[in-house]
Amino acid sequence: MITHQLALLKRELWEHRSIYVTPIAISSIVTLGVLAMLVFASGYAAQLDIAIFGAQNIAGDAERKAALTGFFIGTSWVFVIALAILTVFYCLDSLYAERKDKSILFWRSLPVTDAETVISKLLTALLVIPAATMIGIIATHLVNLVITSIWVSMKGADASVLIWGSVSLIDNWLAAFIVVLASGIWMSPFIGWFLLVSAYAKRSPLLIAFMPLVLIGLLEGIILRTHVFAENVLGRGDSLPIFRTVDIESFFEEEQWRLSEGATNLLQHLDIVKFVTSPAMWAGLVVCGLLCTGAIYVRRYRDES
Amino acid sequence: MTSLVSAKGVTKQFGSFTAVDNVSFEIERGKILGLIGPNGAGKTTLLKAVLGLTDCEGELSVMGLDPFRQRKDLMRNICFIADVAVLPRWIRVTQLLDYVEAIHPNFSRKRAEELLLQTKIMSTSKVKELSKGMVTQLHLSIIMSIDAKLLVLDEPTLGLDIIFRKEFYANLLNDYFDEERTILVTTHQVEEIENLLTDIMFINDGKILLDSTMESLGDSYVEISTSGEAADKARGLGPIAENQMFGKSVMLFEGVSREHLEGYGDLRTPSVADLFVAKVKGARK
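Residues numbered from 1 in each chain as written. Chains lettered and ligands numbered in written order. Predicted model: local features only at pLDDT ≥ 70, side-chain atom pairs only at ≥ 80, totals over all residues.

## Some details on the overall build of chain A
Then, number 1: A count of helical and extended segments in chain A gives 16 helices and zero strands.
Then, number 2: With the C-alpha coordinates of chain A rotated into their principal frame, the extents come out at 75 × 45 × 35 Å.
Then, number 3: Residue burial in chain A is summarised as follows: out of 305 residues, 31% are buried.
Then, number 4: Put simply, 84% of the contacts in chain A that link residues at least 6 apart link residues at least 24 apart. (Helix = DSSP H or I, 4+ residues; strand = E, 2+ residues; numbered from the N terminus. Buried ≥ 20, exposed ≤ 12 C-beta atoms within 10 Å, placed from the backbone. Contact = placed C-beta atoms within 7 Å.)

The following block contains the structure:
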């Protein structure tokens, strides 16, 4: 069972190379951006000396943390958005491509159940893609912090103070990983829906997946003049119940970090108990389970000829 | 239990269209059965039912299993090539071997690699870089490295050139087939496989027209080429088909003994292709 699953997951990585190519691409772009910025900044030697002097001697720990955390959140955010887009396209393709290229008959000629196959797609969306994203995030941070350290050292500053001393990278990575994993679980009903559409659609799964979502939202608004579907289903992405109540606007103000000790430790902004005990999260998982069961049955009973 | 496959009243409908119509047959262990039928006769549907790829009515048992409900268990002991195009195009040869090795308990990677060495296929190639013939060779190398009790081949040589087709069947007989194994094969190119079959089954419009061993085919069917008065006399015995060829009448008889026809012309056992045409035409009348 487990060896089967591992083989199936490996198979997904071979077929969907975008799972690891996308993080590598984003990482490269971010790194190029940082390099360009450093080269640009190097042109302003006089101001730079003052800035570095200031950062090292005048600015408090809080400012340094703020700057690093900003970099941390900003880059992670790019990865999370890419993760979301990647997951949508992966899910829609996962059970559709094998029918389009007719390889489904080959896959089904081997002793693997349809349930095992669909579960491997679900695990890829919930675990493998988030893990690949996380590796991308960590690699990007390390590469860029090392580059920046070398750069500030060349300018005569102490990188261990400026870059490495103030923020717990491990805690922040852990926080990022929790958010990435929780986002997948929270959005799992959509993953289930995309898998079902992927197993079912004869053509253009993207259209078939999004049309009903948009239409139901519109019709409900027009006919019933309510927005239950729009708020609870379409708006689900905005309400991931894992953050402690933080006012997002003030979160990005430096003042916030200066006042509350340790606020730049992102782990402290997460409330895992709130997430695990969220009825909406569990309801979502149940819906995902039902939709995946549907996908298994469609794959099993569908006869292409 | 000598029957590997046993079908009783198997029926498969697509809406109002009956693809397989109340079909019953048995396939015994160690046979090579050819399933012959025109396009749309229900061959592929019947094979899919045997392989557990489609649900059907009636009783169908393959190695004592219900193919549709126990497909995973069944696939440990069955291999099939459904069409030359089914290998995924994006996969590399090594990845394919890795995958099958991890999934299939009866797969011998060593044997697959030995078989591939005899071909021009590189282990680093992707399927999409291979020619159609090479893809089939690759698929066959994998299939022949799986110790399976039943091998199902649905038009395995479609679109391949004659040299490759000959090699394909030679490999199948020499390297794969033994008394423990059973092969079920469908093809349009009947003449290429008739020498290797032990049994034959004709199917048309979802019904079985003929289910016989190749040996007994000569007892039941006789072809005679004759002319003139002898032809008229032979015609009186009720041939199931008659054709004119080079000024001679070629007639095909079913259930008429050779002694009866002796003296009317040259007797021979009809080719599977001729018999098939006669049977299908006869069924349409």
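## Concerning the packing of helix H7 (residues 114-154) of chain A against helix H10 (residues 188-200) of chain A
Residues and elements named next belong to chain A.
Then, number 1: Put simply, H7 and H10 touch, their axes get as near as 11 Å, and they point 140° apart. When the interaxial angle is binned, H7 and H10 end up oblique. For H7 against H10, the interelement crossing comes out right-handed. Along its contact with H7, which presents Val118, Lys121, Leu122, Ala125 and Leu126, the element H10 presents Ser188, Ile191 and Leu195.
Then, number 2: For the contact of H7 with H10, the residue count by class is six nonpolar, one polar and one charged. (Axes fitted to C-alpha atoms, helices over the stretch in contact; angles between N-to-C directions. Parallel < 35°, antiparallel > 145°, perpendicular 65-115°, else oblique. Left-handed = near helix turned anticlockwise from the far one by under 90°. Nonpolar A, V, L, I, M, F, W, Y, C, P; charged D, E, K, R; others polar.)

## A few points about the sheet that holds strand S8 (residues 199-204) of chain B
All names here are of chain B.
Then, number 1: Sheet architecture is open: six strands sit in the order S5-S6-S7-S3-S8-S9, paired in mixed fashion. A single partner strand is all that each edge strand has here, and the edge strands are strand S5 (78-81) and strand S9 (207-213). Between one strand and the next, the sheet's axes are offset by a mean angle of 15°, whatever the strand orientation.
Then, number 2: With six bridges joining them, S8 and S9 adopt antiparallel strand pairing. In the sheet register, Phe202 faces S9, and the bridge partner there is Leu210.
Then, number 3: Running over the sheet, helix H1 (residues 43-50) touches strand S3 (32-36), strand S6 (150-154), strand S7 (182-186) and S8 and is turned about 155° from S6. (Pairing = 2+ DSSP bridges.)

## Side note on the interface of chain A and chain B
Then, number 1: Listed per partner, the contact involves 20 residues of chain A and 25 residues of chain B.
Then, number 2: Those elements that provide at least two residues to the side of chain A that touches chain B are helix H1 (2-15) and helix H6 (104-107) of chain A.
Then, number 3: For the side of chain A that touches chain B, the leading source of residues is H1 of chain A, giving six residues.
Then, number 4: Considering only residue class, the side of chain A that touches chain B consists of eight nonpolar, six polar and six charged.

## Observations regarding the nonpolar core
Then, number 1: The biggest cluster of nonpolar side chains holds 93 residues, and the ones touching the most others in it are Ile78 and Val152 of chain B.
Then, number 2: Inspection of this core shows a minimum of three residues originating in each of domain 1 (3-205) and domain 2 (216-284) of chain B.
Then, number 3: Not counting the four nearest positions on each side in its chain, Ile78 of chain B is found in contact with Leu51, Ala148, Leu150 and Val152 of chain B.
Then, number 4: Counting residues in hydrophobic clusters, the runner-up holds 41 residues, among them Phe79, Leu92, Leu122 and Leu195 of chain A. (Core = buried A, V, L, I, M, F, W, Y, C linked by C-beta atoms within 7 Å. Domains from an automatic or database assignment.)

## Some thoughts on the domain arrangement of chain B
Residue and element names in this part refer to chain B.
Then, number 1: Looking at chain B, the domain boundaries give domain 1 (3-205) and domain 2 (216-284).
Then, number 2: Computed from C-alpha coordinates alone, the two centres of domain 1 and domain 2 are separated by 34 Å.
Then, number 3: Across the contact, eight residues belong to domain 1 and eight residues belong to domain 2.
Then, number 4: Among the secondary structure elements, those contributing two or more residues to the side of domain 1 that touches domain 2 are helix H7 (190-193) and S8.
Then, number 5: Along the lines of polarity and charge, the residues of the side of domain 1 that touches domain 2 split into five nonpolar, one polar and two charged.

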